[in-house]
Amino acid sequence: MEEWYNAIETAETAEKLEEIRIAVFGKKGVLAAEFEKMKTAPNDQKAGIAKELNIHKGKLTGLFSERKAVLQTLELERAMKAEAIDVTLYSPTSQRGALHPVMETMDRIVDYFAAMNFAVKTGPMVEDDFHNFEALNLPKYHPARDMQDTFYFKDEMLLRTHTSPVQIRTMMSHKPPIRMIAPGAVFRRDYDLTHTPMFHQVEGLLVDKEGKVSFANLKFILEDFLRYMFGDVEVRFRPSFFPFTEPSAEVDISCIFCGGDGCRVCSKTGWLEVLGCGIVDPNVFEAVGYKNVSGYAFGLGVERFAMLIHRIGDLRSLFEGDIRLLEQFK
Ligand code: PHE
């Protein structure tokens, strides 16, 4: 028996151990043979021999399963080593990416308004006439529609020209109060140094009970926001016109390039236009079925912010996918 103890303990492979298992525990194995022999032993010795054999059997079984576990672990370790990938190996093609400057700017804008408790809402890029124009106090054939050159599909469908339709959708599916922003891509038939057919907007809307929302509220949040984005700048509100707000204003910051002295970027005015805003026109509330409410709205172009922050001269370069431009924003 001793030799088998030794054999089990020193078995090097699972196959070798399996051979030993058959030789020891198998039908024709050593243990079976010893039990067979016992049958021919004198009766008074049988019990003693059986007891001894059972002790051997127990010990051998224990040793066997111990060895089996050890071999399995070794096998697993071997397999893992063989399949291991060295992630620290240098690869000449691996490069670290970065967010596109437009997305990075969008994230910063969204972060500000999210911190101010504005919910982030999205909507379809292919819109219908009602949500993009009609409900925003832009009736059919009204000349104000010319402010936005539009890509049309059949059946009065179009690529949204601003994210304002998301605000219409939100008001039509939620009761006031509303405190939301709508970030996303918008489309217009425009192409020059500062315009691309696709660009990004973040528009905001706040609605509460009548008399609770004032121009002063709007002024405060936009000034605070613009200083968050551009640092210590002067902020100026200029009367303007949008069909969906009344009164409306365009918002300028003091030129971040010349500090307001006048330079090429600000066309010697000392100011940069960055936002449109106003108090929501009652016609818009009527279109969505809101009564006895007041609200403010604002809208901005993300690319314009990115161009100012990163001092990019030609907006089109942001969308050409030239890796040499993008690498500068890592
Ligand atoms: N929707 C306007 C645009 O795209 C921006 C805007 C939004 C202006 C809300 C005022 C109020 O030009």
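Residues numbered from 1 in each chain as written. Predicted model: local features only at pLDDT ≥ 70, side-chain atom pairs only at ≥ 80, totals over all residues. Heavy atoms only, no water.

Remarks on the pattern of salt bridges
For step 1, the next point in the chain: All told, the structure shown has 20 salt bridges when counted by the stated rule.
For step 2, the next point in the chain: Here Glu 134 ties to Arg 145 by a salt bridge, and the two come within 3.8 Å at their closest N and O atoms. A residue pair is termed long-range when its members are at least 10 positions apart, and Glu 134 in the loop between helix H6 (129-132) and strand E3 (157-159) and Arg 145 in the loop between H6 and E3 qualify at eleven residues.
For step 3, the next point in the chain: The class for Glu 134 is partly exposed, based on a relative accessible area of 33%.
For step 4, the next point in the chain: Residue Glu 273 is joined to Arg 238 by a salt bridge in which the shortest nitrogen-to-oxygen separation is 3.9 Å. Of this pair, Glu 273 sits in strand E8 (residues 271-280) while Arg 238 is found in strand E6 (residues 235-242), placing the two residues 35 residues apart along the sequence.
For step 5, the next point in the chain: Note on Glu 273: relative accessible area 37%, which makes it partly exposed.
For step 6, the next point in the chain: A single salt-bridge network, built from bridges that share partners, covers Asp 129, Glu 134, Lys 140, Arg 145 and Glu 156. (Salt bridge = Lys/Arg side-chain N within 4 Å of Asp/Glu carboxyl O. Helix = DSSP H or I, 4+ residues; strand = E, 2+ residues; numbered from the N terminus. Buried < 20%, exposed > 50% of the residue type's maximum accessible area, 1.4 Å probe, protein only.)

Here we look at the site of the ligand
For step 1, the next point in the chain: The local shell around the ligand holds 14 residues, among which His 162, Ser 164, Arg 188, Gln 201 and Glu 203 are the closest.
For step 2, the next point in the chain: Within the contact set of the ligand, a nitrogen atom lies 3.0 Å away from a side-chain nitrogen or oxygen of His 162.
For step 3, the next point in the chain: The separation between a nitrogen atom of the ligand and a polar side-chain atom of Ser 164 is 3.1 Å.
For step 4, the next point in the chain: Mapped by element, the contributors of at least two residues to the shell around the ligand are strand E5 (198-209), E8 and strand E9 (293-301).
For step 5, the next point in the chain: Examining the composition of the shell around the ligand, we find that three residues originate from one element, E9, more than from any other.
For step 6, the next point in the chain: The class makeup of the residues in the shell around the ligand is five nonpolar, seven polar and two charged. (Near = heavy atom within 4 Å. Polar contact = N/O pair within 3.5 Å; in protein donor to acceptor, adjacent residues only side chain to side chain. Nonpolar A, V, L, I, M, F, W, Y, C, P; charged D, E, K, R; others polar.)

Remarks on the pairing of strand E7 (residues 245-254)
Here is the key point about a regular strand: its side chains alternate between the two faces of the sheet.
For step 1, the next point in the chain: Extensive coverage of E7 is indicated by the burial of eight of its ten residues.
For step 2, the next point in the chain: The sheet contact formed by E6 and E7 spans seven bridges and is antiparallel. Within E7, the position partnered with Phe 242 by the bridge is Thr 245.
For step 3, the next point in the chain: Linking E6 back to E7 in an antiparallel pair, the connection comprises two residues.
For step 4, the next point in the chain: Of the pairings in the sheet, the one linking E7 to E8 comprises eight bridges and is antiparallel in character. If you follow Glu 250 over to E8, its bridge partner there is Gly 276. (Pairing = 2+ DSSP bridges.)

So, the sheet that holds E9
For step 1, the next point in the chain: Spatially, the seven strands line up as an open sheet ordered E1-E4-E5-E9-E8-E7-E6, and their pairing is mixed. Two strands bound the open sheet, and with one partner strand each, they are strand E1 (119-120) and E6.
For step 2, the next point in the chain: In terms of strand pairing, E8 meets E9 through four bridges, oriented antiparallel. In the sheet register, Cys 277 faces E9, and the bridge partner there is Phe 298.
For step 3, the next point in the chain: Those strands touched by helix H5 (residues 101-115) are E1, strand E4 (178-187), E5 and E9, and its axis lies near 5° from that of E5. (Contact = heavy atoms within 4.5 Å. Axes fitted to C-alpha atoms, helices over the stretch in contact; angles between N-to-C directions.)

By themselves, these observations are geometric and do not establish any function.
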